[in-house]
Amino acid sequence: MKYPLELATVLVYFGVFIGIGFLWKQKADESWESFYLANRELSLPLYVGTMVASMFSGVVFLGDPEVGWTYGFVAWYIYGWVWLVGRLPLAWVGGALRQYMPPSVQTLPDMMEHLYDRKCSALAAVLALGFTVGRFIAQILSVAFLFNFLLGMPMNVGLLLGAIIISVYVLLSGLWGVVITDVVQLILMLVGMGAVGFLAFRAVGGFPGLVASLPATHLTLLGGKSWNYWLVMCFAMSMYAYGDPMLYQRFIAAKDKKTARNGFFITVLFWLMLMFISVTNGMSARVLFYPGITNVETAMFTMFTAYLPHLVGALFIGAVLCACMSTADTYILLAAAFISKDIYAKYINPKADDKKLIFLTRVFIPIVVAVGAITATLFPGVWDAWITVVYSYGPVVFAPVVLGIVWMVKGWKMSRSSGFASMLAGLTFFIFRYGFGMAKNPSFLISIALSTGIFVVINAVYGIQTDWRLAGAAASDTIVVDRSKWMWIIPIIFTAYGLIAYATRASWMVYLVCIATALSGPGLLILWIKDAQRNKKLANS
C-alpha cells in the first residue's frame, strides 16, 4: 500500500466521527429545536468552532490554493481579505437576529416569512435547497479526490463512499453531532494547516524560492488581472454569505446576542489566518511541481505526502478530510431540513410534530446525499463547482435578506411583497443571461442591481410602517444593533501585514502566521474543555 499511514488516519477519523454521532443521538432526539438548533445553547468556543470549520471547507484546502497557484501574491490581500472585510457586517446581523427574531424563526425561509410572506418563504426554500446541495457537491468532490489519490479509487466510487460516511453521523445526531465534530475537526485543521504551511514554505526556500520560480505576473499587485476582475469576484464571494443558510442557523443557535456577534469577529480572525496559508500553499505547490503536474488538487496531495514527513502529511490529509466533512455535514442537514420543515411542514402537513420532523429529516438526508453525489460528476473540479454556486445564488438573495434586515432595524416602511418580487427579478435575469451568452461578472452585477432596485422601489411606493418588536416588548424598546468600532482593526492589521510581507519579502512573516495557526488548535481545545467544565457545574448547581 502506497500511503498506509495516511489511509489509517482517514479511517480513524471516520470512526471517531461516527462514534460522536451515536453519542449525541439521544440529545438530538429531545426535540426538533435540539436536533436542528442544538437547543440554542452554543457557547462561544462551540459557536466559533462550528462557524470556522463549516465555512472553511475543502474549497480552502483544494480550491483556494488554485488562486495562489494561478495568480500569485494577489490572493493574500485582495482575494482573501477584501471579501472577508465585506462579511464583517454579518456580525451585526447575527446579533440582531439572535435578539429580535421570534422563537418560531428557525431557518432562513422562516425569516423570509417573518419579514415578507409565504410566497417569499417558498422561493427562498427552493433556492436555499439548491445552494446547500451545491455546497455539498464542492465538498464531496474534495473527498473523492482524496480517495482517488490515496487508493487509486475511481472518482464515482469515491463520491459514493464519502457520501455514505458523511451522512451517517448527521443522520444520527443533527446539529449537536455537526457542532461537536466541527470543533474536533477545526483543532486538527488548524494544527495540520499551520504545520504544512510552515514546512511547504521552507521546502521551496521561503520568499527567495517563490520569487525566483513563479511567473512574473504572480509577483505583481494584481496577478495579471484587472481591478475590475478582483473587485467583482470579491464582491460576489462576500455577498453570497449574506444569504448563506448555515450562518443564519448558527446565529439563531448561539446562546445569546453577544455570542453571535463577538463570535463572528473571532471567526473572521481564524478565516484570515487559514486563507493566508492556503493560498501560500498553492504558490509553493506550483514551484515544486509545475509543469510536471498541472492539476492543482493532485499537486497539493503530492506535496503533502512527498515533501513532508509522513506524520505531518498524514495529519494534513486528515485535516483536508476534516475540512470537507465539517462543511458537507452542515449543508446536508440544512438541505434535508428545508425539505422537511420549510416545504413538507408548511405546505403538505402543517400539523407535523417534532418527532415527525426529525424522522423526515433523517429520511431526506440520504436522498440529498445521493442527488449531490450524482450531480458532482458534472463538475471537473472543486473550484468550478464552488464558483457556479456563488454566482448563481448570491445576486438573488442579497437584497431581500440583507436589505430586509436593514429595513427592520431602521424601522423603515416595508411592503410584504418586496421580498418575493426582488428575488424573482434577480433569478429571472440570471437564468436568461445564459441565453444572451453574457459573462458571469457583468451578469452578476446587473442581477444584483436589478433585484436591489426593485426592492427599494416597491418599498418606497407601497411600504407601510411595521412594528418589528417581539411580543411583550415595552413601548420604549427599539431595535438597536451594536456597532463595535474595533472590529475593523483585525482586517486592517492583516491587510497591512500582507502588504508589508509582500513588499519586504520577509519569510519570517509567513512562518509566524503558520506557527500562530498551529498553536491556536491546542488553544481552542483548552477553551472548549474549560467551557464544558463550566457548563457542567452550572447544570449540577
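To start, this report covers the structure provided alongside it. None of these values were measured; they are calculated from a predicted model. (Residues numbered from 1 in each chain as written. Predicted model: local features only at pLDDT ≥ 70, side-chain atom pairs only at ≥ 80, totals over all residues. Heavy atoms only, no water.)

### Digging into the overall build of the protein chain
Point 1. Helix and strand counts for the protein chain stand at 22 helices and zero strands.
Point 2. Only carbon and sulfur atoms are counted for the fraction: they give 69% of the accessible area of the protein chain, which is about 19,700 Å². (Helix = DSSP H or I, 4+ residues; strand = E, 2+ residues; numbered from the N terminus. Areas by Shrake-Rupley, 256 points an atom, 1.4 Å probe, with all protein chains shown as cover.)

### A look at the environment of Thr-495
Point 1. Structurally, Thr-495 is set in helix H21 (residues 489-504).
Point 2. By relative accessible area, which is 22% here, Thr-495 ends up partly exposed.
Point 3. In this structure the C-alpha to C-alpha distance between Thr-495 and Tyr-77, which are 418 residues apart in sequence, comes to 5.7 Å. (Buried < 20%, exposed > 50% of the residue type's maximum accessible area, 1.4 Å probe, protein only.)

### Digging into the packing of aromatic side chains
Point 1. Evaluation of the coordinates by the stated rule reveals 15 aromatic pairs.
Point 2. Site record: aromatic cluster; members linked through ring pairs are Phe-73, Phe-198, Phe-201, Phe-207, Tyr-502 and Tyr-511.
Point 3. The ring centre of Phe-420 lies 5.0 Å from the NZ or CZ of Lys-119, which sits over that ring.
Point 4. Between the NZ or CZ atom of Arg-286 and the centre of the ring of Tyr-290, over which it lies, the distance is 4.2 Å. (Phe/Tyr/Trp six-rings, centres within 6.5 Å; stacked < 30°, edge-to-face > 60°. Lys NZ or Arg CZ within 6 Å of the ring centre and 35° of its normal.)

### Overview of the nonpolar core
Point 1. Formed by 179 residues in total, the largest nonpolar core has its most connected members in Trp-76, Met-111, Tyr-248, Phe-251 and Phe-264.
Point 2. When residues in this core are grouped by element, the largest group, 19 residues, is from helix H9 (residues 118-151). (Core = buried A, V, L, I, M, F, W, Y, C linked by side-chain atoms within 4.5 Å.)

### Describing the packing of helix H4 (residues 44-55) against helix H13 (residues 245-253)
Helix packing for two helices is described by the angle between their axes and how far apart those axes are.
Point 1. Interaxial distance between H4 and H13 falls to 11 Å at its minimum, and their mutual angle equals 175 degrees. Between H4 and H13, the angle is such that the two are roughly antiparallel. Where H4 abuts H13, its residues Tyr-47, Thr-50, Met-51, Ser-54 and Met-55 lie against Met-246, Leu-247, Arg-250 and Phe-251.
Point 2. Looking at the contact of H4 with H13, its residues break down into six nonpolar, two polar and one charged. (Axes fitted to C-alpha atoms, helices over the stretch in contact; angles between N-to-C directions. Parallel < 35°, antiparallel > 145°, perpendicular 65-115°, else oblique. Contact = heavy atoms within 4.5 Å. Nonpolar A, V, L, I, M, F, W, Y, C, P; charged D, E, K, R; others polar.)

### Some points on the environment of Phe-289
Point 1. The residue Phe-289 is located in helix H14 (residues 257-289) in this model.
Point 2. The sequence separation of Phe-289 and Met-300 amounts to 11 residues, and the corresponding C-alpha distance is 9.3 Å.

### Notes on helix H11 (residues 206-213)
Point 1. Of the residues making up H11, those classed as buried are Gly-206, Phe-207, Gly-209 and Leu-210. Down the axis of H11, the buried side of the element spans an arc of 160 degrees, and every buried residue falls inside it. More than 90 degrees from the buried face of H11, the exposed residues found are Pro-208 and Ala-212. (Arc of directions from axis to C-beta.)

### Re the pattern of salt bridges
Point 1. Scanning the entire structure with this criterion turns up seven salt bridges.
Point 2. Across the salt bridge formed by Arg-40 and Glu-33, the nearest N and O atoms sit 3.2 Å from each other.
Point 3. On the basis of relative accessible area, Glu-33 is assigned to the partly exposed category, the value being 24%.
Point 4. Between Arg-118 and Glu-113 there is a salt bridge; the shortest N-O distance is 3.4 Å.
Point 5. Members of the salt-bridge network, linked through shared partners, are Asp-110, Glu-113, Arg-118, Lys-341, Asp-342 and Lys-346. (Salt bridge = Lys/Arg side-chain N within 4 Å of Asp/Glu carboxyl O.)

### Concerning the packing of H4 against H14
Point 1. Close contact between H4 and H14 brings their axes to 9 Å; oriented N to C, the two are set at 45 degrees. On the basis of the axis angle, H4 is oblique to H14. In this structure, the crossing between H4 and H14 has a hand that is right-handed. Facing Leu-44, Tyr-47, Val-48, Met-51, Val-52 and Met-55 of H4, the residues of H14 in contact are Thr-259, Ala-260, Gly-263, Phe-264, Ile-266, Thr-267, Phe-270, Trp-271 and Leu-274.
Point 2. Partitioned by chemical class, the residues of the contact of H4 with H14 number 12 nonpolar, three polar and no charged. (Left-handed = near helix turned anticlockwise from the far one by under 90°.)

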